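Report on the structure
Spelled out, the chains give:
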Amino acid sequence: VGSLFQQWDKPWGLRGDPCLWDELRQLLLKEPLPASLTQLVALIEKAFEQLVGAPLSAPVDSIYVDRYNQGGISGGHVCLPFWRNEAIPEIQRNY
């Protein structure tokens, strides 16, 4: 599954997003591809919650993750709308 996380060459949502992208790729690197797109999304959502500490469906725009803080105003923040609307659909297209 980690191979679906190809290099991102578009704008990120917030400064924590590239860190989460890299961490998800590492976490899922050895996971075999699921049999369906639905299973893939469920696997990514589960890993997201494991790493961020909140579900992707949380009713907030961003979540702060201290280990992703590399400075800047949005340092450490993960943008949930970015993951829902940009990153996850891109991973699905790579499936």
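In short, a report on the structure. Source: prediction; values computed, not measured. (Residues numbered from 1 in each chain as written. Predicted model: local features only at pLDDT ≥ 70, side-chain atom pairs only at ≥ 80, totals over all residues. Heavy atoms only, no water.)

Observations concerning helix H2 (residues 37-52)
For an α-helix the count is 3.6 residues per turn, leaving residues at separations of three or four pointing the same way. For clarity, the threshold we go by: Secondary structure follows DSSP: runs of H or I at least 4 residues long count as helices, runs of E at least 2 residues long count as strands, and numbering of each begins at the N terminus. To estimate how far a helix should reach, multiply one less than its number of residues by 1.5 Å. Partly exposed describes any residue whose relative accessible area lies between the buried limit of under 20% and the exposed limit of over 50%, with all areas from a 1.4 Å probe on protein chains only and scaled to the type maximum. The arc in question is traced by the directions running from the helix axis to the C-beta atoms. Contact between two residues is taken to exist if any of their heavy atoms lie within 4.5 Å; hydrogens are not considered.
Its 16 residues give H2 an end-to-end C-alpha distance of 22 Å, which sits within 8% of 22 Å, the value for a rise of 1.5 Å per residue. Taken residue by residue, H2 has Leu40, Val41, Ile44, Ala47, Phe48, Leu51 and Val52 as its buried positions. Buried residues along H2 cover an arc of 130 degrees about the axis, so they all sit on one side. Of the exposed residues in H2, the ones pointing more than 90 degrees away from its buried face are Thr38, Lys46 and Gln50. Contact partners of the buried residues in H2: helix H1 (17-28), strand S1 (62-64), strand S2 (77-79) and helix H3 (80-94). Count one or two residues on from H2 and you reach glycine 53, which has phi positive near 90 degrees.

Side note on the packing of aromatic side chains
What counts here: The pairing test for Phe, Tyr and Trp rings, Trp by its six-membered ring, is centres within 6.5 Å, and the orientation test on the planes gives stacked under 30 degrees, edge-to-face over 60, and tilted for anything in between. Only Lys NZ and Arg CZ are tested; either one counts as a charge over a ring when it is within 6 Å of the ring centre and within 35 degrees of the ring normal.
Under the defined criterion, the tally for this structure stands at 9 aromatic pairs. Arranged with centres 5.0 Å apart and planes meeting at 70 degrees, the rings of phenylalanine 5 and tryptophan 21 form a pair that is edge-to-face. Separated by 16 residues along the polypeptide, phenylalanine 5 in the segment before H1 and tryptophan 21 in helix H1 bring together distant segments of the chain. The class for phenylalanine 5 is buried, based on a relative accessible area of 2%. Accessibility expressed as a relative area gives 2% for tryptophan 21, which makes it buried. An aromatic cluster is present here, built from Phe5, Trp8, Trp12, Trp21, Phe48, Phe82 and Trp83 joined pairwise through their rings. A cation over a ring is seen here: lysine 10 above tryptophan 8, with NZ or CZ 5.2 Å from the ring centre.

Notes on the pattern of salt bridges
Cut-off, in case you're wondering: Salt bridges are identified by distance alone: a Lys or Arg side-chain nitrogen within 4 Å of an Asp or Glu carboxyl oxygen.
For the structure shown, the criterion picks out 4 salt bridges. Here the salt bridges share partners, and the residues they tie into one network are Lys10, Glu90 and Arg93.

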